[in-house]
Amino acid sequence: MKDVLEETETRIKRLEAEIELIEERLHFLDRVGASSKYQILQRRTKTGELYIMFFVVWGFMGLILLLYLKYKYSEILPFSLTPYIGAMMAFIIIPFFYYFFLSKQSEPENPINYLEKKERMARLALNRFYIPLKEALEEEDHEKLEELANRLLQGEVAEAITELNEGDPKVMAYALYLYLNRNSVHPGEINEVMTLLKNKPLKKLLLTISGEKVSSPHT
């Protein structure tokens, strides 16, 4: 268990250092005015989106008017409205297509938002998984370990673990369930999960019960 706690503490310190580095980068970007720059760019992007939506709505209204004129007064009009209807449909489709496809693909990632999201994910993984995991293992609190396993199956903690490449949340949850039910699981099941498990603290945790199973005369 000592190795498990040491590995968990290592992960805690690594995340704390990562959060500190992100905070320093955010403070630096704020000092050099990068935050204001990206806010201006975001406002311009939103303004452009409003213009596009305005043209789409205006074009749709124009299309409705042309269709009304075509079917109401087509016999008395001296020219065909079909080309104008086609042009108006293109006027609607092109900006609509640009907004939903091309603009999203070409939009550069905002480093401020990226860093803020990464900091939030790191804090979630730290405060809602690794620190409670260490406390639960030190106290041998099975109820808290089960709660952590449940957290890994859905919600923000699972998202944070995935975003930070800490492992597959579902496999990690399964590893905790195996540990909690170690007296009734087969050694082959433990070994199978260990081959899938990427999270080092939980892998070492399973190693403790894998050793017990091998040394036990009843298995």
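Here goes a summary of the coordinates provided. Being a predicted model, the structure only gives us computed values, none of them experimental. (Residues numbered from 1 in each chain as written. Predicted model: local features only at pLDDT ≥ 70, side-chain atom pairs only at ≥ 80, totals over all residues. Heavy atoms only, no water.)

Scanning the protein from terminus to terminus reveals nine helices and zero strands. Seen in sequence order, the protein has helices and strands lined up from the N terminus as α-α-α-α-α-α-α-α-α. Every one of the 219 residues in the protein was classed for burial, and the buried ones make up 34%. Within the protein, contacts between residues separated by at least 24 positions form 69% of all contacts whose residues are at least 6 apart in sequence. By element, 58% of the accessible surface of the protein is carried by carbon and sulfur atoms, the whole surface being about 14400 Å². (Helix = DSSP H or I, 4+ residues; strand = E, 2+ residues; numbered from the N terminus. Buried < 20%, exposed > 50% of the residue type's maximum accessible area, 1.4 Å probe, protein only. Contact = heavy atoms within 4.5 Å. Areas by Shrake-Rupley, 256 points an atom, 1.4 Å probe, with all protein chains shown as cover.)

What follows is about a nonpolar patch on the surface. A surface patch of nonpolar side chains, amounting to about 260 Å² of accessible area, comprises Phe60, Ile64 and Leu67. Judged by relative accessible area, which is 30%, Leu67 ranks as partly exposed. (Patch = residues over 30% accessible without salt bridge, like charges linked within 9 Å, V, L, I, M, F, W, Y side chains within 5 Å. Salt bridge = Lys/Arg side-chain N within 4 Å of Asp/Glu carboxyl O.)

It is characteristic of soluble globular proteins that their nonpolar side chains tend to be buried jointly. Counting 39 residues, the largest nonpolar core has Phe129, Leu133, Leu145, Leu152, Leu176, Leu202 and Leu206 as the members making the most contacts within it. Those elements that place two or more of their residues in this core are helix H1 (2–31), helix H4 (111–139), helix H5 (142–151), helix H6 (155–163), helix H7 (169–180), helix H8 (187–196) and helix H9 (200–215). Among the elements that make up this core, the one with the highest residue count is H4 (ten residues). Setting aside chain neighbours within four positions, we find Leu145 in contact with Leu133, Ala136, Leu137, Leu176, Tyr179 and Leu180. (Core = buried A, V, L, I, M, F, W, Y, C linked by side-chain atoms within 4.5 Å.)

Between its first and last C-alpha atoms H7 spans 17 Å; for twelve residues at 1.5 Å apiece the expected length is 16 Å, and the two agree. Burial analysis of H7 places nine of its twelve residues in the buried class, the great majority of the element. When H7 is considered as a whole, its buried residues turn out to be Pro169, Val171, Met172, Ala173, Ala175, Leu176, Leu178, Tyr179 and Leu180. The N-cap residue of H7 is Asp168: its side-chain oxygen and the backbone nitrogen of Lys170 are 3.0 Å apart. (Expected span 1.5 Å × (residues − 1). Polar contact = N/O pair within 3.5 Å; in protein donor to acceptor, adjacent residues only side chain to side chain.)

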